[in-house]
Amino acid sequence: MDTKKQMALGWVGFWGVLAGGGLLWAAQLKVPLNVEGTIVGVKPGLVQVKILTCDQNMALPGQTWMFKVPPKTKVQITGTAEKSFLQPGLLVEFKATLDQKFHATAKLTALTICSPSPQKFPGLFPEGGGLTIPEPGGTKPKKKEAPAPGNYHVVGLIRSVKGGQYSVDTPQRTVVFELDDAAELNVEMNSPAGLQYTRAGDQIYIKGVAFGQGIGEASEITVKLLTALTGPEPPRGKKKFEKKTAEKLDEATPEKPTKPTSGDKASKVSKETKPENQ
């Protein structure tokens, strides 16, 4: 059975258990377990895993298990990414020397794609201090110091990517930078939302409990990405398709007869009215 069919049957089976007896989970005995495996598929709040090893006999190698992923699950995802993965909306962090316009004075050689958390939130953090950054949910300082050019640890959301330039929004200023051709892009995500970027085959370690055969709930998840994350592939063959379509339309369209001129009409009439030689 191929992976797609196996994954589809897994989702159907999981939702079937929810419909038929999911409400009995709380009353069932929860067996602690630690699982190592590979990701089969991911949906919001759920991850499907092919078991490689388990410290409990109830999960055997080769079996496919479904684990619920509550919002409070501790998640750690590590790996690398390519430049094409950097899209608007991603949270990134890096160190750079910024000029008066808050443009990086040199191309970045390292950048990390991360997740927002109470310990990591957007802002311009100058090396050596000197700028007050409000804590999330905390009181805002009465006097807000304007950021000045210098060396910063930057954490912000990518706003745009144009012509090799990246714009990143922070609460203080928008920072613009470029990446070196050999820049190292690391992935360090620590929220359940980051699981959407994982792919089938990535290594996964789960600490949690089992509710029954094939079903469990994760309290801690660690994922190691096997390959670098990439962005969506550009469309291919668009121009060729349009050209071929235009040619087919030209072939299928019959030529319209040309409208006769007044001279042509007169010539035709004269030929029709000319008497034949006796």
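Scroll up to find the structure this text is about.
> Tell me about the pattern of salt bridges, and please be specific about residues and values.
Applying the stated rule across the entire model yields three salt bridges. Lys-120 is the salt-bridge partner of Glu-93, the closest N and O atoms lying 2.8 Å from each other. Of this pair, Glu-93 sits in strand E5 (residues 91-98) while Lys-120 sits in the loop between strand E6 (108-114) and strand E7 (123-126), placing them 27 residues apart in sequence. We note a salt bridge from Arg-159 to Asp-169, for which the minimum N-O separation is 3.0 Å. Taken together, the positions of Arg-159 in strand E8 (residues 150-162) and Asp-169 in strand E9 (residues 165-169) put the pair ten residues apart, joining distant regions of the chain. The partly exposed category is assigned to Asp-169, whose relative accessible area is 26%.

> Talk me through the packing of aromatic side chains; I want residue IDs and the actual numbers.
Inspection of every chain in the model, using the stated rule, returns six aromatic pairs. Look at Phe-85 and Tyr-197: their rings are 5.4 Å apart centre to centre, the planes differ by 85 degrees, and that puts the pair in the edge-to-face class. Separated by 112 residues along the polypeptide, Phe-85 in the loop between strand E4 (74-80) and E5 and Tyr-197 in the loop between strand E10 (174-189) and strand E11 (203-212) bring together distant segments of the chain. Among the residues examined, Phe-85 registers a relative accessible area of 8% and is labelled buried. When the ring of Phe-121 is compared with that of Phe-125, the centres are 6.0 Å apart and the planes differ by 75 degrees; the resulting orientation is edge-to-face. Taking relative accessible area as the criterion, Phe-125 reaches 24% and is therefore assigned partly exposed. Members of the aromatic cluster, joined through ring pairs, are Phe-94, Tyr-166 and Phe-177.

Reading the values: rules and limits
Residues numbered from 1 in each chain as written. Predicted model: local features only at pLDDT ≥ 70, side-chain atom pairs only at ≥ 80, totals over all residues. Heavy atoms only, no water. Salt bridge = Lys/Arg side-chain N within 4 Å of Asp/Glu carboxyl O. Helix = DSSP H or I, 4+ residues; strand = E, 2+ residues; numbered from the N terminus. Buried < 20%, exposed > 50% of the residue type's maximum accessible area, 1.4 Å probe, protein only. Phe/Tyr/Trp six-rings, centres within 6.5 Å; stacked < 30°, edge-to-face > 60°.

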